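Summary of structural features
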Amino acid sequence: MIGGLDPLRPGPLYLFTSARCFANGFIHATAGVSQIQPTDRQSQLSSDMLKFLFDWWDHHPDSYWLMVAGPTLLLFAWALIPIRESLRRQPDKVKSWIWSGLVVFLFLFAWRWPWLLSAHGLNPDESQHVAGALTLAVDPVFFRSVDGATSGPLNFFATLPLALTVGQIDYFTVRLTGLFLVWGSLLLGYQTARALTGAAVARLGLLPAAMFFATTDDWDFIHYSTEHLPVFLFCLTLWLLVRAKAAQHPRGWLVAAGLAAGLSPWAKLQMGPITAGLIGFALWQIAIRAASPKARMSHALALGLPTLAPTALALALLAMGGLTGVALQRYVLQVFVYVEDGGPYLDNLAKLGELIRISGTFPFFALGPLLMIILAGLVTVIKRRGRFHSLYTAGAALTGIGVFCVMLPGRPFQHYLLLLIAPLTLWGLAGLHDLWTSTDNRRWQVGLAGLVFLFGGLIPLGHRLSKPVPFMFGSFTEHWRHPRSGAANLVHHLTRPDDRISVWGYGPEVHAESGRAQATRDTDTFWLIGPPSSHRETYRTTHLADFMRNQPAVFVDSVGPDSFFYRDRLLQGHETFPALAGHITSQYTQVADLTPFRLYLRNDLFDERRLTAADLQTIVGKGRMERPLAASPSSITPPDARTERVGRQWVQMLLPPARMTWELTGNERVARIHYGFHPQAVAARSGDGARIIVEIESPGGPARPVFTHFVQPLVNPAERKPLSATLDLPPFPSGSLLVVRTDVGPQGDNAWDWLYLASLEFRKSPFPTAAQYPGFGRIPESATAATAYHVDEPEGRLLMQHAPARMVFPLSGLERQLSFSFGFTPGAYTGEGRTDGAVFRVERHRAGTGPVLLFERRLHPVAAPADQGRQAAAFDLVDILPDDRLHVIIDPGGNDSWDWTYVTDLLLE
């Protein structure tokens, strides 16, 4: 009861508390908790609601299009309604801010909300910002606690207000902060354009940018990037300058604009030249438009001096903390090293162009502004006006500076293109304004509006509608249940909230997902790895000093196979830094190698937080498998099989009979294939179809079936589009091959059998998964079998493990009973099946002692009818200690012919 009211009864208080609980649950869905722990009926209700919603969304992906339809139509109406209004410059009004802000935010949120719930980082930069924010929350002295490399301190501090308000620093709050900054940039841009050009031109001119930010599905543009805050500051500066122009006493607005511009370099130096160009344009306008020399000087000083104030304040604070030299080295001088290490500009331009082409998002945004720019230029030339409008010239100059800033680092990162959005939009707005005012003909203006609406709104929307729904549909429940990777889950378990951790290599996601602050200022060790140099030694010295001062509870080496960046432990592991390696060897103990992550626990914490092998497997197993990784094949037969372009991607043609193989390391748990029939073959309406077959070949063993699909596009219209399949792989030893091959249809004719493979992706995990062992209550840490594959029986899916086979289960010491079912499939003893039987055995293994037999049963289903069908076993476990292991063994009886054996329904309690 609250204030005499039952909060679970209908009423305003119930609605408020339910909404609050739902919001908290929504925020914590990816906030580093495996489940919401309800403290009352309301939180339980919100948890149940979210579980229902996530499951519903996973099974109804097309609901996404329904959810975006309303806000999209609302935005289009907002853009088109004022077309018939006059071009009178309109001052800011509260009503305009509220109405426009609401429409734009609903539009952005409707398209972008699924990305907010992704439990893994969409870009390493995003993970770095989460890691830095976690650290600043406990030690808010930048450059001492956090080094953002090319990202300035303001990018990190900007994430804290929202995160601290909701009480969680994670991907959700950081991405939501980025979304708010995008929203603010669009809203400020609209109000700026509205004051300069009127509502009709402003809304049409902002439409391409709004469509881009809302509908982009490219992770490089969606993650919280280093460009979000600088772009917002640019838009804020421009708005303040326009307010100053309209004000009778502009000095206050000019001071505010100068301060906003002065903050920009402390968000990202790369944005500095663009902002400087904007301030230079403003000073030029002051110089040519000021009423008197005194006003010119007064206004110029009011704008120019405040741009230096943020830097002066920052330098004073750094000097007080003795960090001036550190900041100069790490944030300013190191930028020159970063640029110097960049690749050739022409090569990077080609790579960036290829990324832009594949994504397609940015070109469709640029259609609208470029159309306005080109048409305005042509009208100006045809009408012989002599010169362009000053705003048009400013937009062109700022866009040119932006292109220079994008190319300067010498790296083909798409998110750098965000720096061009505001200048290019400003240029396009100026062009549209020139076109709109070139005549009073209403038909011309309506036609122009329709053209801009088509290229800036409808065509980009059509491009987005041709793509699938966000990847989170189908993954909401998984990310809800498993918000951390296996490595991050283990780190979270081994540490306490106030513990710090240190990560060597490039693994900031461990900080972000575990919720643990950095022990060193280096979120990644990019500058500590590489050839010897003076700056490398400087960074290593500082890194070791930070490490010794904070003594992290856990040290993580993220170098190894499948790592995002560093994969060679011999050349890039922490052992290449002898001083650090010596400290790790003497003061830390390795607790797990979860390739690529090696985790070490500080020795004084080892006894207190020690894990058994069973605990380790359980904790890591509750982690989320890594995101799918596209894999390159090791062989293609025939070797001259061609590649072709289907839609927006290149595919490998596999005309039957064809074969592709991938080498497996042993930790691949799920494969996802994308395949289909070439559209030309479908259009020919000929051919009897073809089979695509997925198998696993183990060294010295037969091929094991995983997936078969007889594709018949003429018979089944649903198979005329791109297809995909997600495959749970059975256990297999390292060195096996995954084989994808094609075969002809039933008539033996491969005419028009134009099957293709678009891509194959693996999801990996250090331990086997439940999907690989259907019916098992405890998953083994390892398994070997002559042949293993899944079969679907009336009783459910079975994992067949032909004898000889062995499964090893780590024990925590608390287990008291083992039960399981076992036997032969009927084909082993009916018809031609003539197995000579097999022995099912369970042994307890303990270090330093021999195996102890706990159970043994020989089945001979051909000779003994009682041994046919599913058998059951259950017995008590005694004298079990932590780190004991149970071996469930299937031995062939004499020979392994027809030994089609299985174990299922296994429970360890």
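Please read these numbers as outputs of a predicted model, since none were measured by experiment. (Residues numbered from 1 in each chain as written. Predicted model: local features only at pLDDT ≥ 70, side-chain atom pairs only at ≥ 80, totals over all residues. Heavy atoms only, no water.)

Observations regarding the sheet that holds strand S5 (residues 597-602)
Definition in use: DSSP-based pairing: two strands are paired if at least 2 bridges between them are found. Strands here are runs of E lasting at least two residues and helices are runs of H or I lasting at least four, both read from the DSSP assignment and numbered beginning at the N terminus. Throughout, a contact is declared for two residues whenever any of their heavy atoms are within 4.5 Å. To obtain each axis, a line is fitted to C-alpha atoms, and for helices this fit is confined to the stretch in contact; angles are then taken between N-to-C directions over 0 to 180 degrees.
Read across the open sheet, the 5 strands follow the order S2-S1-S3-S5-S4; overall the sheet is mixed. Looking along the sheet, the strands with just one partner apiece sit at the ends: strand S2 (517-518) and strand S4 (588-594). Here strand S3 (residues 554-557) runs beside S5; their pairing, made up of 4 bridges, is antiparallel. In the strand pairing of S5, Val556 is matched with Leu599. Strand contacts of helix H24 (residues 534-550): strand S1 (500-504), S3 and S4, with the helix running at about 150° to S1, the strand carrying the most contacts.

So, the sheet that holds strand S7 (residues 635-637)
Sheet architecture is open: 5 strands sit in the order S7-S10-S15-S12-S13, paired in antiparallel fashion. The two strands at the open ends of the sheet, each matched to only one other strand, are S7 and strand S13 (703-711). Ignoring which end each strand starts from, the neighbouring axes of this sheet average 15° apart. Summarising the sheet, S7 and strand S10 (residues 658-663) pair through 3 bridges and their orientation is antiparallel.

What about the packing of aromatic side chains?
Quick reminder of the rule: Between 30 and 60 degrees the pair is tilted, below 30 it is stacked and above 60 it is edge-to-face, where a pair is any two Phe, Tyr or Trp rings, Trp via its six-membered ring, whose centres lie within 6.5 Å. Working definition: with a 1.4 Å probe on protein chains only, accessible area under 20% of the residue-type maximum means buried, over 50% means exposed, and in between means partly exposed.
Under the defined criterion, the tally for this structure stands at 56 aromatic pairs. Aromatic pair Tyr64 and Trp65: ring centres 5.3 Å apart, planes at 65°, arrangement edge-to-face. Judged by relative accessible area, which is 1%, Tyr64 ranks as buried. Each ring, one from Tyr506 and one from Phe564, has its centre 5.5 Å from the other, and the planes form 40°; the classification is tilted. On the criterion of sequence distance, the pair formed by Tyr506 in the loop between S1 and helix H23 (508-514) and Phe564 in the loop between S3 and helix H25 (569-572) is long-range, its members being 58 residues apart. Within the aromatic cluster, the residues linked to one another by ring pairs are Phe54, Trp57, Tyr64, Trp65, Trp111, Trp113, Phe473, Phe476 and Trp480.

Describing the environment of Gln445
Along the polypeptide, Gln445 turns up in helix H20 (residues 442-465). In this structure Gln445 comes out as buried when scored by relative accessible area, which is 5%. Expressed as a C-alpha distance, the spacing of Gln445 and Leu204, which sit 241 residues apart in the sequence, is 12 Å. Apart from residues lying up to four places away in sequence, Gln445 is in contact with Trp436 and Thr439.

Remarks on the pattern of salt bridges
Stated formally: The term salt bridge refers to a pairing of a side-chain nitrogen on Lys or Arg with a carboxyl oxygen on Asp or Glu at a separation within 4 Å.
Going through the model one piece at a time under the given rule, you end up with 35 salt bridges. Its salt-bridge partner being Asp499, residue Arg609 comes within 2.8 Å of it at the nearest N-O pair. In this pair, Arg609 sits in helix H27 (residues 603-609) while Asp499 sits in the loop between helix H22 (486-494) and S1, placing the two residues 110 residues apart along the sequence. In terms of burial, Arg609 and Asp499 fall into one category: buried. Across the pair Arg841 and Asp891 runs a salt bridge, and its minimum N-O distance is 2.5 Å. Of this pair, Arg841 sits in strand S20 (residues 838-845) while Asp891 sits in strand S23 (residues 885-892); the two residues are 50 residues apart in sequence, bridging distant segments of the chain. For Arg841, a relative accessible area of 16% gives the class buried. A relative accessible area of 25% places Asp891 in the partly exposed class. Taken together, the shared-partner salt bridges in this structure form one network comprising Arg496, Asp499, Glu608 and Arg609.

Some points on a nonpolar patch on the surface
Filter applied, for reference: For patch detection, residues must exceed 30% relative accessible area and be free of salt bridges, and they are connected within 9 Å for like charges or within 5 Å for nonpolar side chains (Val, Leu, Ile, Met, Phe, Trp, Tyr). For the area figures, the Shrake-Rupley method with a 1.4 Å probe applies, and any residue is considered shielded solely by the protein chains shown.
There is a patch of nonpolar side chains on the surface, built from Leu269, Leu328, Val332, Leu333 and Phe336 and spanning about 430 Å² of accessible area. In this fold, Phe336 is placed in helix H15 (residues 324-340). The exposed category is assigned to Phe336, whose relative accessible area is 59%.

Focus on helix H12 (residues 251-263)
How we decide: Multiplying 1.5 Å by the helix residue count minus one yields the expected span of that helix.
The terminal C-alpha atoms of H12 lie 19 Å apart, and with 13 residues this matches the ideal 18 Å at 1.5 Å per residue to within 8%. Three or more residues of H12 are buried, namely Leu254, Ala257, Gly258, Ala260, Ala261 and Gly262. In this structure, the buried side of H12 is in contact with helix H11 (228-246), helix H13 (272-289) and helix H14 (293-320).

Looking at the confidence of the model for the protein chain
Parts of the prediction with low pLDDT should not have their coordinates interpreted in detail. We count it as follows: Note on scores: pLDDT gives the predictor's confidence for each residue, bounded by 0 and 100.
Of the residues in the protein chain, 93% have a pLDDT of 70 or more, and the chain-wide mean is 88. Within the protein chain, no element has a lower average pLDDT than helix H1 (residues 12-28), which sits at 40, and none a higher one than S3, at 98. Below pLDDT 50 for its whole length, residues 1-39 participates in 63 contacts with residues either more than four positions away or in separate chains.

Here's the deal with the side chain of Glu695
This is how the line gets drawn: Polar contact is defined as a pair of N or O atoms within 3.5 Å, subject to the rule that within protein one atom must be able to donate a hydrogen and the other to accept it, and that residues adjacent in sequence are counted only when both atoms are side-chain atoms.
Summarising the element assignment, Glu695 is placed in strand S12 (residues 690-697). Engagement of the side chain of Glu695 in a polar contact is seen with the side chain of Arg741, the distance being 3.0 Å. Beyond its immediate chain neighbours, meaning those up to four positions away, Glu695 contacts Ala703, Arg704, Pro705, Val706, Leu737, Leu738, Val739 and Arg741.

A word on the pairing of strand S17 (residues 782-793)
Judged from the 11 bridges that link them, S17 and strand S18 (residues 796-810) form a sheet pairing that is antiparallel. Residue pairing in the sheet places Thr787 in a bridge with His802 of S18.

Quick notes on helix H3 (residues 63-80)
Rules: The bend reported for a residue corresponds to the angle between axes fitted to the seven residues ending at that residue and the seven starting there.
For H3, built from 18 residues, the straight-helix expectation of 26 Å at 1.5 Å per residue is met to within 8% by its first-to-last C-alpha distance of 27 Å. Of all bends in H3, the biggest is about 30°, found at Ala69, and the proline Pro71 comes one to four residues later. Buried residues of H3: Ser63, Tyr64, Val68, Pro71, Thr72, Leu75, Phe76, Trp78 and Ala79, and no others.

Focus on unusual backbone geometry
Cis rather than trans, the peptide bond between Pro656 and Pro657 has omega equal to -10°. Positionally, Pro657 belongs in the loop between strand S9 (649-653) and S10. Each neighbour pair has its own omega, and for Ala803 with Pro804 the value is 0°, a cis peptide bond. Relative to the helices and strands, Pro804 is located in strand S18. We note that Asp879 has phi near 55°; this positive angle belongs to a residue other than glycine. Positionally, Asp879 belongs in the loop between strand S22 (871-876) and S23.

Points about the packing of H24 against helix H26 (residues 578-587)
Defined as follows: The labels follow the angle: roughly parallel below 35 degrees, roughly antiparallel above 145, roughly perpendicular from 65 to 115, and oblique for the rest. Working rule for handedness: look at the near helix, and if it is turned counterclockwise from the far one by less than a right angle, call the crossing left-handed; if clockwise, right-handed.
It is the contact of H24 with H26, at a shortest axis distance of 10 Å, that shows an interaxial angle of 20°. Judged by the inter-axis angle, H24 sits roughly parallel to H26. The crossing of H24 and H26 is left-handed. Here Arg540, His543, Leu544, Phe547 and Met548 of H24 lie close against H26, whose contacting residues are Pro578, Ala579, Leu580, His583 and Ile584.

Some details on the environment of Ile696
Note on placement: Ile696 falls in strand S12. We classify Ile696 as buried; its relative accessible area is 0%. A C-alpha to C-alpha distance of 52 Å links Ile696 and Leu424, two positions 272 residues apart in sequence. For Ile696, the residues in contact, after removing those within four places along its chain, are Pro702, Ala703, Arg704, Val706, Leu729, Pro730, Phe732, Ser736, Leu737 and Leu738.

Focus on the environment of Phe180
The residue Phe180 is located in helix H8 (residues 171-197) in this model. Overall, the relative accessible area of 33% leaves Phe180 in the partly exposed class. Those residues in contact with Phe180 that sit more than four places away from it in its chain are Phe105 and Leu162.

Some remarks on the pairing of strand S15 (residues 737-744)
One ladder, built from 6 bridges, connects S10 with S15; its direction is antiparallel. Each bridged residue has a counterpart across the sheet, and for Arg659 the counterpart in S15 is Arg741. Where S12 lies against S15, 8 bridges are found, and the strand directions are antiparallel. The residue bridging Glu697 from the neighbouring strand is Leu737, located in S15.

Structural notes on the packing of helix H19 (residues 418-436) against H20
The condition is simple: Residues were grouped as follows: Ala, Val, Leu, Ile, Met, Phe, Trp, Tyr, Cys and Pro as nonpolar; Asp, Glu, Lys and Arg as charged; and all remaining residues, including Gly, as polar.
Contact geometry for H19 and H20: axes closest at 10 Å, N-to-C directions at 155°. Our classification of the angle between H19 and H20 gives roughly antiparallel. From H19, Leu432, Leu435 and Trp436 reach across to H20, where they touch Trp444, Gln445, Leu448, Ala449 and Val452. Split by residue class, the contact of H19 with H20 holds 7 nonpolar, 1 polar and no charged.

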